[in-house]
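Listed below are the residues making up each chain.
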There are 2 protein chains.
Amino acid sequence: MQQRAKATRTAVIEGAASIFEEVGYGNASLSDVTERASVTKGALYFHFKSKEDLALAVIAEQHNIVRVAGEQIAAAGLPALETMIRMCRTFGQQLLDEPIVRAGIRLTFEASAFNGDVKGPYHDWVTTMEVLTRQAQAEGDVRHDVDAADFARYLVASFTGVQMVSNVLTERRDVLKRIDDMWRFMMPTLSPAPQGPESLSGAPEETQ
Amino acid sequence: MQQRAKATRTAVIEGAASIFEEVGYGNASLSDVTERASVTKGALYFHFKSKEDLALAVIAEQHNIVRVAGEQIAAAGLPALETMIRMCRTFGQQLLDEPIVRAGIRLTFEASAFNGDVKGPYHDWVTTMEVLTRQAQAEGDVRHDVDAADFARYLVASFTGVQMVSNVLTERRDVLKRIDDMWRFMMPTLSPAPQGPESLSGAPEETQ
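Residues numbered from 1 in each chain as written. Chains lettered and ligands numbered in written order. Predicted model: local features only at pLDDT ≥ 70, side-chain atom pairs only at ≥ 80, totals over all residues. Heavy atoms only, no water.

**Structural notes on the UniProt feature "DNA-binding region" (unreviewed entry) in chain A**
Point 1. Cross-referencing UniProt, the feature "DNA-binding region" (unreviewed entry) maps to residues 29-48 of chain A in the present numbering.
Point 2. A distance of 13 Å separates the end C-alpha atoms of residues 29-48 of chain A, which is 75% helix and 0% strand. (UniProt positions renumbered as here; feature names shortened; annotations may be inferred. Helix = DSSP H or I, 4+ residues; strand = E, 2+ residues; numbered from the N terminus.)

Here you go:
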């Protein structure tokens, strides 16, 4: 029985994600969702009390999907800088492949429409990237005079804009290239060696 | 008479901006706008045929305000890199000072709600920044191996994310600091000299 409730909840979230992704928060109706998810209104209301509640559940599920992928990358034990780069690329790939991720991001940008508090996911990512930046500094891949907290905040903000503008201008067709460009333009500010990515493996400079 | 019509149009746009900024596209009603602007419904409909039409007019007015400020900065004849930095800072300051700018940016992010095509302003800024990047390269302030088109696109995307995340996390209290951080982190990728902004005035490197 509990398993069945869980399956229904998942079906509702997937149906909702599909509708929200297509028409956005404002134009989505709960009847569209029940139809898409093939569930009754009663089943939907058993799990979610409002459209807002459902939108927040889609955002939470999206954040969870991306975070789990990030944790898998972190578990591989690569250098921290490489981990950060892979996390961003994987997030970009998930935007292309996973309807729930696309829906969650669309809802995050539209959150002002339902007064949704979307600070949480941003804070999580800034914290994760700050920890990884410090680790990359300890590993000699990032200059010690880079402020890890400021850089992490910048990275998350920049990534947010890069994928958003890619969506507006090319419907994400160029999102992976633009994420790679972002990292290319970021490398020289991080690199302990003066000339950027090609000398990343060189000895860290101790000047300054 | 024409002047009066123009004054009414301006009042409607200002009233609409104030309402859109407060409650967003989805929750705004045209009666709120007429009340805020102290105009009749007839006067509003004389100028705008729908809420969507009005939202697009606010976005156009916002883009115009920021563009005019940008043109004034460009007219000062400063080095192109300095011009780019000042344009970004001024845009940030306008987000703090000008309700129409805040409303236009909120509507740009919510544009999916009314199928608004907001590519235009992004394209304009990317083009402006690309021209300035090439000029900065000619002036010796930006490395010649930086792809001007890719960098301009990155700069506009990054700026978009920086001001957006500042709004989500701090209601823009830190937007000017975050824009300065952005430029600080961008400098080393641009600078012809190896060690960042402090050596910007040094001779351009011709290696590579």
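On we go.
**Looking at the side chain of S158 of chain A**
Point 1. Here S158 of chain A shows up in helix α8 (residues 148-170).
Point 2. For S158 of chain A, a relative accessible area of 0% gives the class buried.
Point 3. Filtering out sequence-adjacent residues up to four positions away, S158 of chain A remains in contact with M182 and M186 of chain A together with Y154 and S158 of chain B. (Buried < 20%, exposed > 50% of the residue type's maximum accessible area, 1.4 Å probe, protein only. Contact = heavy atoms within 4.5 Å.)

**A few points about the UniProt feature "domain: HTH tetR-type" (unreviewed entry) in chain A**
Point 1. Under the feature "domain: HTH tetR-type" (unreviewed entry), the UniProt entry names residues 6-66 of chain A.
Point 2. Across residues 6-66 of chain A, the secondary structure splits into 87% helix and 0% strand, with the terminal C-alpha atoms separated by 20 Å.

**A short note on unusual backbone geometry**
Point 1. For S38 of chain A, which is not a glycine, the phi torsion comes out positive at approximately 55 degrees.
Point 2. Inspection of the secondary structure puts S38 of chain A in the loop between α2 (30-37) and α3 (41-47).
Point 3. In the Ramachandran plot, R172 of chain B falls in the positive-phi region, its phi being about 70 degrees despite a non-glycine side chain.
Point 4. Mapped onto the fold, R172 of chain B is located in the loop between α8 (148-170) and α9 (175-190).
Point 5. For R172 of chain B, a relative accessible area of 8% puts it in the buried group.

**A few points about the pattern of salt bridges**
Point 1. Enumeration according to the criterion identifies 34 salt bridges over all chains in this entry.
Point 2. R89 of chain A is paired through a salt bridge with D180 of chain A; the nearest N and O atoms lie 2.8 Å apart. In this pair, R89 of chain A sits in helix α5 (residues 80-97) while D180 of chain A sits in helix α9 (residues 175-190), placing the two residues 91 residues apart along the sequence.
Point 3. Of the residues examined, R89 of chain A reaches a relative accessible area of 42% and is grouped as partly exposed.
Point 4. Here the salt bridges do not stand alone but share partners, grouping D150 and R153 of chain A together with D174, K177, R178, D181 and R184 of chain B into one network. (Salt bridge = Lys/Arg side-chain N within 4 Å of Asp/Glu carboxyl O.)

**As for the environment of A17 of chain A**
Residues and elements named next belong to chain A.
Point 1. With respect to the helices and strands, A17 occurs in helix α1 (residues 2-27).
Point 2. The buried category is assigned to A17, whose relative accessible area is 1%.
Point 3. Measuring from C-alpha to C-alpha, the distance between A17 and Q62 comes to 9.3 Å, with 45 residues separating the pair along the chain.

**Re the interface of chain A and chain B**
Point 1. Contacts between chain A and chain B engage 43 residues on the former and 43 residues on the latter.
Point 2. For the chain A face of the interface with chain B, the top three residues by lost area are R153, Y154 and F185 of chain A, together amounting to 21%.
Point 3. The interface formed by chain A and chain B includes eight salt bridges.
Point 4. For R153 of chain B, the salt bridge is made with D174 of chain A, and the minimal N-O distance between the two is 3.0 Å.
Point 5. Where chain A touches chain B, the interface holds twelve residue pairs in polar contact (both at pLDDT 80 or more).
Point 6. Listing elements by their share of the side of chain A that touches chain B, those giving two or more residues are α6 (99-109), α7 (119-138), α8 and α9 of chain A.
Point 7. With 15 residues, α8 of chain A is the largest single contributor of residues to the side of chain A that touches chain B.
Point 8. In the side of chain A that touches chain B, the residues fall into 18 nonpolar, eleven polar and 14 charged. (Buried area = accessible area lost by both parts, 1.4 Å probe. Polar contact = N/O pair within 3.5 Å; in protein donor to acceptor, adjacent residues only side chain to side chain. Nonpolar A, V, L, I, M, F, W, Y, C, P; charged D, E, K, R; others polar.)

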